[in-house]
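Working through the structure, step by step
Here's the letter readout for the chains.
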Amino acid sequence: MNIINYLKELLKDKTNNYSLREFVIAICVILIVSSWFAQLLFSVSTPEYMFYSIVSLIAAGCFGYSIEKTKSNE
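I will try to describe carefully the structure that is included in this document. (Residues numbered from 1 in each chain as written. Predicted model: local features only at pLDDT ≥ 70, side-chain atom pairs only at ≥ 80, totals over all residues. Heavy atoms only, no water.)

**Points about the overall build of the protein chain**
What counts, and what does not: Helix and strand assignments follow DSSP, with helices taken as H or I runs no shorter than four residues and strands as E runs no shorter than two, numbered in order from the N terminus. The rule is simple: take the accessible area with a 1.4 Å probe, protein chains only, and divide by the maximum for that residue type; under 20% is buried, over 50% is exposed, in between is partly exposed. Working definition of accessibility: Shrake-Rupley area with a 1.4 Å probe, residue cover restricted to the visible protein chains.
Counting secondary structure elements, the protein chain contains three helices and zero strands. For the protein chain, the α and β elements follow one another from N to C terminus as α-α-α. A buried classification covers 16% of the 74 residues belonging to the protein chain. Accessible surface for the protein chain amounts to roughly 6200 Å². Of this, 66% is attributable to carbon and sulfur atoms.

**A few points about the packing of aromatic side chains**
Put simply, the test is: The criterion for an aromatic pair is that two Phe, Tyr or Trp rings (for Trp, the six-membered ring) have centres within 6.5 Å, with stacked assigned to planes under 30 degrees apart, edge-to-face to planes over 60 apart and tilted to the rest.
On inspection of all chains with the given rule, the structure shows one aromatic pair. Summarising the aromatic geometry, the rings of Trp36 and Phe37 are spaced 5.2 Å apart at their centres and angled 35° between planes, so their arrangement reads as tilted. On the basis of relative accessible area, Trp36 is assigned to the partly exposed category, the value being 48%. The class for Phe37 is partly exposed, based on a relative accessible area of 42%.

**A closer look at the pattern of salt bridges**
Where we set the bar: The salt bridge criterion pairs a side-chain nitrogen of Lys or Arg with a carboxyl oxygen of Asp or Glu, the two atoms within 4 Å.
On inspection of all chains with the given rule, the structure shows one salt bridge. We note a salt bridge from Lys12 to Glu9, for which the minimum N-O separation is 3.5 Å. A residue is classified by how much of its surface remains accessible, and Lys12, at 19% relative accessible area, is buried. In this structure Glu9 comes out as partly exposed when scored by relative accessible area, which is 43%.

**Comments concerning a nonpolar patch on the surface**
Keep this limit in mind: Patch definition: residues above 30% relative accessible area lacking any salt bridge, with like charges linked at up to 9 Å and the nonpolar side chains Val, Leu, Ile, Met, Phe, Trp and Tyr linked at up to 5 Å.
A cluster of nonpolar residues, Val29, Val33, Trp36, Phe37, Leu40, Leu41, Phe42 and Val44, forms a patch on the protein surface that exposes about 820 Å² of accessible area. Within the element layout of this structure, Leu41 appears in helix α2 (residues 20-42).

Quick look at the structure:
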């Protein structure tokens, strides 16, 4: 499986449809990793409240995904 197909599969939800929640969580993870690299390489610091708010968004998305019920086809 190539990288593009893998990334497309990451953005799908339990019903195998593309979901905005997975897209937002992916963007937040990219923001966290890029801010970490910026702090390591360029000594650019991210304000704490911004970091914690982005991590909270990721946690809320993961929590919402865990309590979401799959739709039955009945």
